[in-house]
Amino acid sequence: MTLKQAFEDQAGHCVALGSPFMEQLMNVLARDWPHDSALGRKFASVTGDVGPMGASLPLRIAGGLHALVLNRKSPDLAKAYPPNNVSDAELSEAVLNALSAHEAFLLEWTDHAPQTNEVRRSAALIAGARVAAKHFNLPIHLSELGASGGLNLMWDHFALEIQGHRYGPNMSSILLSPEWTGQLPPSVQPQIEKRRGVDLNPLDPTRPDHLMRLMAYLWADQPKRLSLTRSAASVLDVKVQQGDAIDWLAKHLPQQPQGCLHLIQHTVAWQYFPKDVQARGKALIEAAGKRATANRPLAWLSMENDGENNKGAALTLRLWPGDITLNLGRADFHGRWIDWQHTD
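Summary of the structure given here.

Rules and cut-offs
Residues numbered from 1 in each chain as written. Predicted model: local features only at pLDDT ≥ 70, side-chain atom pairs only at ≥ 80, totals over all residues. Heavy atoms only, no water. Buried < 20%, exposed > 50% of the residue type's maximum accessible area, 1.4 Å probe, protein only. Helix = DSSP H or I, 4+ residues; strand = E, 2+ residues; numbered from the N terminus. Pairing = 2+ DSSP bridges. Right-handed = clockwise from strand over helix to strand, strands pointing away. Contact = heavy atoms within 4.5 Å. Salt bridge = Lys/Arg side-chain N within 4 Å of Asp/Glu carboxyl O. Phe/Tyr/Trp six-rings, centres within 6.5 Å; stacked < 30°, edge-to-face > 60°. Core = buried A, V, L, I, M, F, W, Y, C linked by side-chain atoms within 4.5 Å. Expected span 1.5 Å × (residues − 1).

What about the pairing of strand β9 (residues 298-304)?
Inference 1: For β9, the buried fraction is high: seven of the seven residues fall into the buried class.
Inference 2: Summarising the sheet, strand β8 (residues 261-267) and β9 pair through six bridges and their orientation is parallel. Note that in β9 the partner of I264 across the bridge is W300.
Inference 3: Taking the sense of rotation as the criterion, the β-α-β connection linking β8, helix α12 (residues 275-291) and β9 turns out right-handed.
Inference 4: With seven bridges joining them, β9 and strand β10 (residues 313-320) adopt antiparallel strand pairing. For M303, the partnering residue across the bridge sits in β10 and is L315.

Side note on the sheet that holds strand β1 (residues 140-145)
Inference 1: Reading across the sheet, the nine strands line up as β5-β12-β11-β10-β9-β8-β1-β6-β7 and stay open at both edges, with mixed pairing between neighbours. Strands with a single pairing partner mark the edges of an open sheet, and in this sheet they are β5 (179-181) and β7 (241-242).

Considering the environment of P52
Inference 1: Along the chain, the position of P52 falls in the loop between α3 (38-44) and α4 (57-70).
Inference 2: Residue P52 is classed as buried on the basis of its relative accessible area of 19%.
Inference 3: Residues P52 and Q10 lie 42 residues apart in sequence; the distance between their C-alpha atoms is 6.8 Å.
Inference 4: Look past the residues within four positions of P52 in its chain and what remains in contact with it is D9, Q10, H13 and Y272.

Some points on unusual backbone geometry
Inference 1: Across the junction of P82 and P83, the peptide omega takes the value 15°, indicating a cis bond.
Inference 2: By the secondary structure assignment, P83 is in the loop between α5 (75-79) and α6 (88-101).
Inference 3: Cis geometry is adopted by the peptide bond preceding P321, which originates at W320 and carries an omega value of 10°.
Inference 4: Tracing the chain through its elements places P321 in the loop between β10 and β11 (324-331).
Inference 5: A positive phi angle, near 55°, is found at S56, a position not held by glycine.
Inference 6: Along the chain, S56 turns up in the loop between α3 and α4.
Inference 7: Despite not being glycine, S148 has its phi angle at roughly 55°, a positive value.

A short note on the pattern of salt bridges
Inference 1: On inspection of all chains with the given rule, the structure shows 16 salt bridges.
Inference 2: Here D247 ties to R280 by a salt bridge, and the two come within 2.7 Å at their closest N and O atoms. Of the two residues, D247 is situated in helix α11 (residues 245-252) and R280 in helix α12; the sequence distance between them amounts to 33 residues.
Inference 3: Of the residues examined, D247 reaches a relative accessible area of 43% and is grouped as partly exposed.
Inference 4: Using a relative accessible area of 40% as the deciding quantity, one classes R280 as partly exposed.
Inference 5: Put simply, K282, E286, R318 and D323 are held in one network by salt bridges that share partners.

What to know about the packing of aromatic side chains
Inference 1: Here the structure, examined in full by the defined rule, presents eight aromatic pairs.
Inference 2: Relative to Y217, the ring of W109 has its centre 5.5 Å away and its plane inclined at 40°; by these criteria the two rings are tilted. Of this pair, W109 sits in helix α7 (residues 103-109) while Y217 is found in the loop between α9 (208-216) and α10 (223-234), placing the two residues 108 residues apart along the sequence. Residue W109 shares its accessibility class with Y217, and that shared class is buried.

What about the pairing of β11?
Inference 1: Where β10 lies against β11, seven bridges are found, and the strand directions are antiparallel. Looking at the pairing, L317 lines up with L326 of β11.
Inference 2: The loop that links β10 with its antiparallel partner β11 comprises three residues; one of these, G322, has a positive phi angle of about 105°.
Inference 3: Pairing of β11 with strand β12 (residues 337-340) involves three bridges; the strand directions are antiparallel. Within β12, the position partnered with G329 by the bridge is W340.
Inference 4: Counting the residues that bridge the hairpin from β11 to β12 gives five residues, and of these G335 lies at a positive phi of roughly 75°.

Observations regarding the nonpolar core
Inference 1: Ranked by internal contacts, the top residues of the largest apolar core, which has 89 residues, are L25, I61 and L65.
Inference 2: In terms of nonpolar packing, the next biggest core, distinct from the first, is built from 17 residues, A245, I246, W248 and V277 among them.

Quick notes on α12
Inference 1: Helix length check: α12 (17 residues) gives 25 Å between terminal C-alpha atoms against 24 Å at 1.5 Å per residue, within 8%.
Inference 2: Of the surrounding secondary structure, the elements contacted by the buried residues of α12 are α11, β8, β9 and β10.

Laid out in C-alpha cells, this is it:
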C-alpha cells in the first residue's frame, strides 16, 4: 500500500466511523502531501504496511496536527478545524502551512504509534462482565492487555443506559448509551476487587501531557469522545504497567487468589500482537483455564476485529472451568452500537 492509498483508505474508515472532517483531512493529505520535505522523506522511508493495520502513518500525522490545535500552537490551523467548516482548498493551505512551520514537532510526534483509549468500548465490557459475573458470582480481579492509559479498566465507574434501563452507578457523570439491539444484559452487578493493566507504551491520563496525547488521536469533529475521555481520566485510580502483554500475563496468571474471578479483557488490541505472540497468549490462557476451579474461575472477554470490518468487532467470552465459549454479539469499533446476540 502506498502512502496515498493509506490516506485514502483511512478516509474511508473515518467516514464510516462518523467523522466527515477526518475524511476530508485524509483526502486532502492524499492529494497534497509534501513529499519533498523532511516529513515527506521520513514517511517515504517507512517499509512495510503504512496503513491502519501497520505503521498507521495517516493517523500519526493526524494526531500531530490535532495536538497543535489542542495545544494552541497553531491558531491558523485551529481556524480550519471543527467546529469551523472550510473548503478543501482552505484546509489544505492551513495544513501545509502547519506541516512546514511545525515540522520539528511533527517529526518527533510521528515517531510514536497512535494511542487511544476509546471509552465507549466500555459499554461492551460492562455487558460482557455481567455475563461472566452471572456465571461466577465472585469478586473480580480485572486484567487488561493493551490497556493504553487504563481508562477502560474503570468501567465499573461508568453508567450504561440502554432502552430505558441503567446499569452501573446512578451518580456517574460518564454515561454510555450505544444503539442497542437484542436482549438486555444480565442485571447482576460485577464487583471489581482489583484492577491492573499492561501496555508496551502506557500513558498516564492524570498527567496533562499524556492526556493531551490521548485526546489528540481522537477526532476533532467528535466532541463527545473528547468529553468522555476527560471524564474517564478524572476517575482513574490505576496505573498501567509497561511491558509485553503476554510476558506480563504469564507472570500474573498464577497469582490469582481463591475466591475471585480473574477476568482478562482487551479491546482492539489483540490484532496488533504478532501471530506468534497471539499463539503463546492463547496457549497460556487456555492452560490457566484447565487449572481453573469453581472457586478460582477464569474469564476471557474480547472485543476484536475478526475480519468482518463492515460489521464491527466480535464480542467473545470464554469461561473456565468448562471451557465455555459465548459469542456475545458485535460492536462498533468506537462503541456507537452493540448488536447483542447472547440470550440467557
